[in-house]
Amino acid sequence: MQCEGPLVDRFGRVHDNLRLSVTDRCNLRCFYCMPEEAVQFRQRSEILQFEEIERFVRISVALGVRRLRITGGEPLVRAGLPALVRQLAAIPGVADLAMTTNGLLLAEHAAPLRAAGLQRLNISLDSLRETTFRRIARRDGLARVLAGIDAAVQAGFDKIRLNTVAIRGITESEVIALAEYALAHAMELRFIEFMPLDADSNWHSQYVLPGAVIRAQLEQRFGPLVPVTREDRSQPAVDYALADSGGRIGFINPVTEPFCGDCSRLRITAEGQVRNCLFSTVEWDARALLRQGASDEQVADLVRHCIGAKKAGHGIDSPEFIRPRRAMYQLGG
Ligand code: SAM
Ligand code: SF4
């Protein structure tokens, strides 16, 4: 194969990190992501098959991709996912294989995913109160998510992290309980600022709860948070150690402290559209190539073009910012 990396953009950023959405379907309806009713999902025939995903990943790995994260929609609603994990884990050059999930189906899937070669899990958990969980997710399910977290611990993943979307007016009253839960389970917790990617377009900057506010709240309860040196500059989170307990809490602050300057991410949507940014308004159609008998080199060229067109940053804070037409569940968060 003539496809060679690395994938370097106009700003010298090397792309070795691929976010792979495997479905736009979901068993929750989080208000910051999906519409509540009448969701327009892609037809099954539009969604990439496992063989197509595997081929795209092989080509990406030849271009220098080393880290994969499976996401969605909710990846665990895609039938047979452990089989895909097994296929991807077997690709030489894949050094890190992770997944982001809402945890609802983890109790049954954690062990098979681990056995198939999944290394790390991020589990989304915004609240430990059923009423707040339902207010956000617009479905029941907190008890199932907590059972899923327990099953993931039993399955022995290399690392499990909890992700919380930070929303003003909701998250403030959850911060301490979530941190205590994470500490008790020896897991890292990360707060992610609410981004303008909700399907209902209700996002407003006033709903963003800045990481700095949460940090101050945590320091009042747990004492000083000590910054942890970032081993990997492209890692978007700023992590802190709790001086007293030794736990770790991180912040991904894409709105108040954009980290685009070190971005190393490439994305492919469930229906095979390649993107260079969550906030990009342009996509490159890999599915058409994969289904029209294109060579690996032609697919690699498309990926290079996509990375070559990457902008310096997402520009959420700029007056010229245009929201992407598609919401988080359609992009792969
Ligand atoms: N369904 C899975 C889940 O919820 O973990 C995976 C897909 S979800 C789109 C990936 C991550 O994006 C989750 O942690 C979710 O909380 C986060 N997310 C979704 N919409 C967001 C938004 N508008 N701003 C910030 N994070 C968001
Ligand atoms: Fe589903 Fe995840 Fe979006 Fe919530 S954030 S609606 S769980 S895809």
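Residues numbered from 1 in each chain as written. Chains lettered and ligands numbered in written order. Predicted model: local features only at pLDDT ≥ 70, side-chain atom pairs only at ≥ 80, totals over all residues. Heavy atoms only, no water.

1. Quick word on the environment of Gln 119
Test applied: Every helix listed is a DSSP run of H or I at least four residues long, and every strand listed is a run of E at least two residues long, numbered separately from the N terminus. Burial status follows relative accessibility: with a 1.4 Å probe on protein chains alone, a residue under 20% of its type maximum counts as buried, one over 50% as exposed, and anything between as partly exposed. Throughout, a residue-residue contact means that at least one pair of heavy atoms, one from each residue, lies within 4.5 Å.
On the secondary structure map, Gln 119 appears in the loop between α3 (106–116) and β4 (120–124). Among the residues examined, Gln 119 registers a relative accessible area of 23% and is labelled partly exposed. The residues touching Gln 119, leaving out its near neighbours within four places in the chain, are Ala 95, Asp 96, Leu 97, Arg 114, Phe 157, Asp 158 and Lys 159.

2. As for the site of ligand 1
What counts is decided by this rule: Only heavy atoms are used to decide nearness, and a residue is near a molecule or strand if one of them lies within 4 Å of it. Any N or O atom pair separated by 3.5 Å or less is treated as a polar contact, with the protein-specific requirement of one donor-capable and one acceptor-capable atom, and with residues adjacent in sequence counted only for side-chain atom pairs. For the area figures, the Shrake-Rupley method with a 1.4 Å probe applies, and any residue is considered shielded solely by the protein chains shown.
Close contacts around ligand 1 come from 17 residues, with Tyr 32, Gly 73, Glu 74, Ser 124 and Met 195 the closest. Within the backbone of Gly 73, one N or O atom sits 3.0 Å away from a nitrogen atom of ligand 1. Between ligand 1 and Met 195 there is a distance of 2.9 Å, counted from a nitrogen atom to a backbone nitrogen or oxygen. For ligand 1, whose free accessible area comes to 540 Å², the fraction covered by protein is 95%. Looking at the shell around ligand 1, the elements that each hand over two or more residues are β3 (96–101) and β5 (159–166).

3. Focus on the packing of helix α1 (residues 50–62) against helix α2 (residues 81–89)
The line we're drawing: Structural elements are reduced to axes, namely lines fitted to C-alpha atoms, with helices fitted over the stretch in contact, and the angle between N-to-C directions of any two is expressed from 0 to 180 degrees. An angle below 35 degrees is read as roughly parallel, one above 145 as roughly antiparallel, one from 65 to 115 as roughly perpendicular, and any other as oblique. Helix crossings fall into two classes, left-handed where the near helix is turned counterclockwise from the far one by less than a right angle and right-handed where it is turned clockwise. In this classification, Asp, Glu, Lys and Arg are treated as charged, Ala, Val, Leu, Ile, Met, Phe, Trp, Tyr, Cys and Pro as nonpolar, and every other residue, Gly included, as polar.
At a minimum axis distance of 10 Å, the contact between α1 and α2 shows a crossing angle of 25°. Relative to α2, the element α1 lies roughly parallel. Remark: the crossing between α1 and α2 carries right-handed chirality. Counting all contacts with α1, which are made through Phe 50, Glu 51, Ile 53, Glu 54 and Val 57, the residues of α2 involved are Leu 81, Ala 83, Leu 84, Gln 87 and Leu 88. Taken together, the residues of the contact of α1 with α2 sort by class into seven nonpolar, one polar and two charged.

4. A look at the nonpolar core
Our working definition: Buried residues of nine kinds, namely Ala, Val, Leu, Ile, Met, Phe, Trp, Tyr and Cys, make up a nonpolar core once their side-chain atoms join them within 4.5 Å.
Grouped together as the largest cluster of nonpolar side chains are 100 residues, with contacts concentrated most on Leu 88 and Leu 218. Residues within four places of Leu 88 in sequence aside, it is in contact with Leu 20, Ile 53, Glu 54, Val 57, Leu 68, Ile 70, Val 94 and Leu 97.

5. Some thoughts on the pairing of strand β10 (residues 265–268)
Inclusion rule: In this analysis, strands are considered paired if DSSP registers two or more bridges between them.
Neither face of β10 is exposed, since Arg 265 and Arg 267 on one face and Leu 266 and Ile 268 on the opposite face are all buried. In textbook terms, the turn of a hairpin is the stretch between consecutive antiparallel strands, and for β10 and strand β11 (residues 273–275) this stretch comprises four residues, one of which, Gly 272, has a positive phi near 80°.

6. Some points on the packing of aromatic side chains
Describing an aromatic ring pair means giving the distance of the ring centres and the angle of the ring planes. For clarity, the cut-off: Each aromatic pair joins two rings of Phe, Tyr and Trp (for Trp, the six-membered one) with centres within 6.5 Å, and gets the label stacked for planes under 30 degrees apart, edge-to-face for over 60, and tilted for any other angle. Here, a charge over a ring is recorded when the distance from Lys NZ or Arg CZ to the ring centre is within 6 Å and its angle to the ring normal is within 35 degrees.
Applying the stated criterion across every chain yields a total of six aromatic pairs. Seen from the ring of Phe 222, Arg 221 lies directly overhead, with NZ or CZ sitting 4.7 Å from the centre.

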